[in-house]
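Given next are the chains, with one letter for each unit.
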Amino acid sequence: VQLQASGGGLVQAGDSLRLSCAASGRTFSSYAMGWFRQAPGKEREFVAAISWSGGTTYYADSVKGRFTISRDNAKSTVYLQMNSLTPEDTAVYYCAARQGNYMGPLYHQKPYYGMDYWGKGTQVTVSS
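In this text, all values refer to a predicted model and were calculated from it rather than measured experimentally. (Residues numbered from 1 in each chain as written. Predicted model: local features only at pLDDT ≥ 70, side-chain atom pairs only at ≥ 80, totals over all residues. Heavy atoms only, no water.)

### Regarding the state of the cysteines
Cut-off, in case you're wondering: Here, a disulfide means two cysteine sulfur atoms that sit within 2.5 Å of each other. A run of H or I in DSSP becomes a helix once it reaches four residues, and a run of E becomes a strand once it reaches two; helices and strands are each numbered from the N terminus. Categorising residues by exposure relies on relative accessible area from a 1.4 Å probe, with only protein chains included: less than 20% of the type maximum marks a residue as buried, more than 50% marks it as exposed, and the intermediate range marks it as partly exposed.
Across all of its chains, the model carries 1 disulfide by this definition. Disulfide partner of Cys21: Cys95, at an S-S distance of 2.0 Å. The S-S bond linking Cys21 to Cys95 shows a torsion near 55°; that makes this disulfide right-handed. Highlighted residues: Cys21 in strand β3 (residues 17-24) and Cys95 in strand β9 (residues 91-99), separated in sequence by 74 residues. For Cys95, a relative accessible area of 0% gives the class buried.

Given below as structure tokens:
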């Protein structure tokens, strides 16, 4: 599966952004999807993930209550709605896919977290 993230940009603290990740290739609905981010000088970190059906979601504590992950299997797209952005959210955001069962990010498999496919990132910059 090929993934293409978009929607990044430069915003001010407190603003919102919605990232999109369009998938092509094999059946999108068979993949769990996730968003990850990497800030300059820092390791890649998990942000959010969603099961293939959309019925289960996972969030990093740092974004819980502010970010919402969702998916539209008919459009082969996963979204990340980001509200109340802070400068600490500045990073390159990546979407990734994992085929089959998904029980949350595999932290012991950093920096890939057990995901099978990765797209190129989209830059999010939040100014104070």
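Text resumes after the structure shown.
### Brief notes about unusual backbone geometry
A cis amide bond, omega 0°, links Lys110 with the succeeding residue Pro111. You can see Pro111 is positioned in the loop between β9 and β10 (117-118). Residue Tyr113 is not a glycine yet carries a positive backbone phi of 55°. Within the element layout of this structure, Tyr113 appears in the loop between β9 and β10. According to the relative accessible area criterion, Tyr113 is buried, its value standing at 1%.

### Quick look at the pattern of salt bridges
Counted only if it meets this: Each salt bridge in this description consists of a side-chain nitrogen of Lys or Arg and a carboxyl oxygen of Asp or Glu lying within 4 Å of one another.
The tally for this structure, following the rule as stated, stands at 5 salt bridges. The residue Asp89 makes a salt bridge to Arg37 at a minimum N-O spacing of 2.9 Å. You can see Asp89 sitting in the loop between β8 (77-82) and β9 and its partner Arg37 sitting in strand β4 (residues 31-38), a full 52 residues away along the chain. Both residues of the pair, Asp89 and Arg37, belong to the buried class. Notably, a salt bridge pairs Glu43 with Lys110, separated by 3.0 Å at the nearest N-O pair.

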